[in-house]
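Topology and contacts: notes
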Amino acid sequence: MASKVKYLDLLLRKSQVVRGATTRDILSLKSQESQGRAWGKRNGYTIRRVFRENLSAYKAGVKRPDFDEAVQALLDGESDCLWVYDSSRYSRKGAGDVLKVLDRPGKRLYFYLNRLDTEVPADRMRIVAEAEQAREYSRLLSEKVRDAKAVDRDAGKWLGTPPDGLKVTKKGKLKGSKRWPMIERIYDEAAQGKSQRRITLGLTADGWTGARGGPVRVSTVGKILRNPVYLGWQIVSVRGRPQIYLNSKGKPVRVFAKGFDGIPQATWDKQRRVAAGHELVENFGAKHADYVPA
């Protein structure tokens, strides 16, 4: 009588590169898969499926559809064993994610690097302890990254992708890119009373494109005109809107590189007054040869 086929799933995960990550955090997925396939062959398993992840699980709220599917397949009996290279690769949400398997007889988890096996009663306590250690590591890493960002933000360093028309210097500051003349033009024309639609049509006619190619959009022009970063201030997003960032002393922080002035405050103020209808521009109401309805 033929023996029952035993199915093995491999759960492979490689974190996105994080400063301070341990060497085992960046082991390639290919290397993990080779180890898992060799282990499965030695233990009489047939590989059913390989799940691959490339993300940072320490981030709060991160979704892991491959992880969820792999665990559910084990619980539903589609696989007989789930192989994971390292217990910290499995989950960083604590003991709860391993107890749901430990409390189900016949559901096997094997952590290769740690040599931990749910089929070994003595390993149960270590598996739970490793899960809690991974959770604590995740919490500390998250705090470390958050604190480092706060220090950089207070120092006036730009974090992330620079806004359109700007680029990041080696010191983390912002200065004008080759698209900066377009930003100046948008502010100057807005201060002159041109509508965002007229500004957009003019830019397109003169060959300007969006930051990622394609046409310049009216909504993009509007967002540029409302973003105080172009005055040189560090910003944060509040409900999707850019706001001037205040440090621990309640002071705004400059983010522009030395020698780069950005949009003059007078131009910013005027275009905001015109947009709000608090100031009328010269020849208001006259139709010029280039008139385009707003």
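This section reports on the structure supplied with the text. (Residues numbered from 1 in each chain as written. Predicted model: local features only at pLDDT ≥ 70, side-chain atom pairs only at ≥ 80, totals over all residues. Heavy atoms only, no water.)

1. Some words on the overall build of the protein
Across its full length, the protein holds nine helices and nine strands. Scored against the burial criterion, the 294 residues of the protein give a buried share of 40%. Taking the contacts inside the protein whose residues are at least 6 apart along the sequence as the reference set, 62% of them involve residues at least 24 apart. (Helix = DSSP H or I, 4+ residues; strand = E, 2+ residues; numbered from the N terminus. Buried < 20%, exposed > 50% of the residue type's maximum accessible area, 1.4 Å probe, protein only. Contact = heavy atoms within 4.5 Å.)

2. Some details on the packing of aromatic side chains
A full pass over the atoms with the stated rule returns ten aromatic pairs. Here tryptophan 39 and tyrosine 110 contribute two aromatic rings whose centre-to-centre distance is 4.4 Å and whose plane-to-plane angle is 20°, an arrangement assigned as stacked. Taken as a pair, tryptophan 39 in helix H1 (residues 29–42) and tyrosine 110 in strand E4 (residues 108–111) lie far apart in primary sequence, 71 residues in all. Neither residue differs from the other here; tryptophan 39 and tyrosine 110 are each classed as buried. Of the aromatic side chains, those joined through ring pairs into one cluster are Trp180, Tyr187, Tyr230, Phe256, Phe260 and Trp268. Its end group placed over the ring of tyrosine 112, arginine 115 keeps NZ or CZ at 4.3 Å from the ring centre. (Phe/Tyr/Trp six-rings, centres within 6.5 Å; stacked < 30°, edge-to-face > 60°. Lys NZ or Arg CZ within 6 Å of the ring centre and 35° of its normal.)

3. Observations concerning the packing of helix H7 (residues 196–205) against helix H8 (residues 218–225)
Relative orientation of the contacting elements H7 and H8 amounts to 110°, with a least axis distance of 9 Å. On the basis of their axis angle, the class for H7 and H8 is roughly perpendicular. For the pair H7 and H8, the crossing hand works out as right-handed. Contact with H7, carried on its side by Gln196, Arg197, Ile199, Thr200 and Leu203, involves Val218, Val221, Gly222 and Leu225 of H8 and no other residues of that element. Each residue belonging to the contact of H7 with H8 can be placed in one class, and the counts come to five nonpolar, three polar and one charged. (Axes fitted to C-alpha atoms, helices over the stretch in contact; angles between N-to-C directions. Parallel < 35°, antiparallel > 145°, perpendicular 65-115°, else oblique. Left-handed = near helix turned anticlockwise from the far one by under 90°. Nonpolar A, V, L, I, M, F, W, Y, C, P; charged D, E, K, R; others polar.)

4. Looking at the side chain of threonine 267
With respect to the secondary-structure elements, threonine 267 resides in helix H9 (residues 265–276). Residue threonine 267 is classed as buried on the basis of its relative accessible area, which comes to 16%.

5. A word on helix H6 (residues 180–191)
Its twelve residues place the ends of H6 17 Å apart at the C-alpha level, agreeing with the 16 Å of an ideal helix rising 1.5 Å per residue. In this fold, the buried residues of H6 make contact with strand E6 (166–168), strand E7 (174–176), H7, H8 and H9. Two residues or fewer after H6 comes glycine 193, characterised by a positive phi angle close to 100°. (Expected span 1.5 Å × (residues − 1).)

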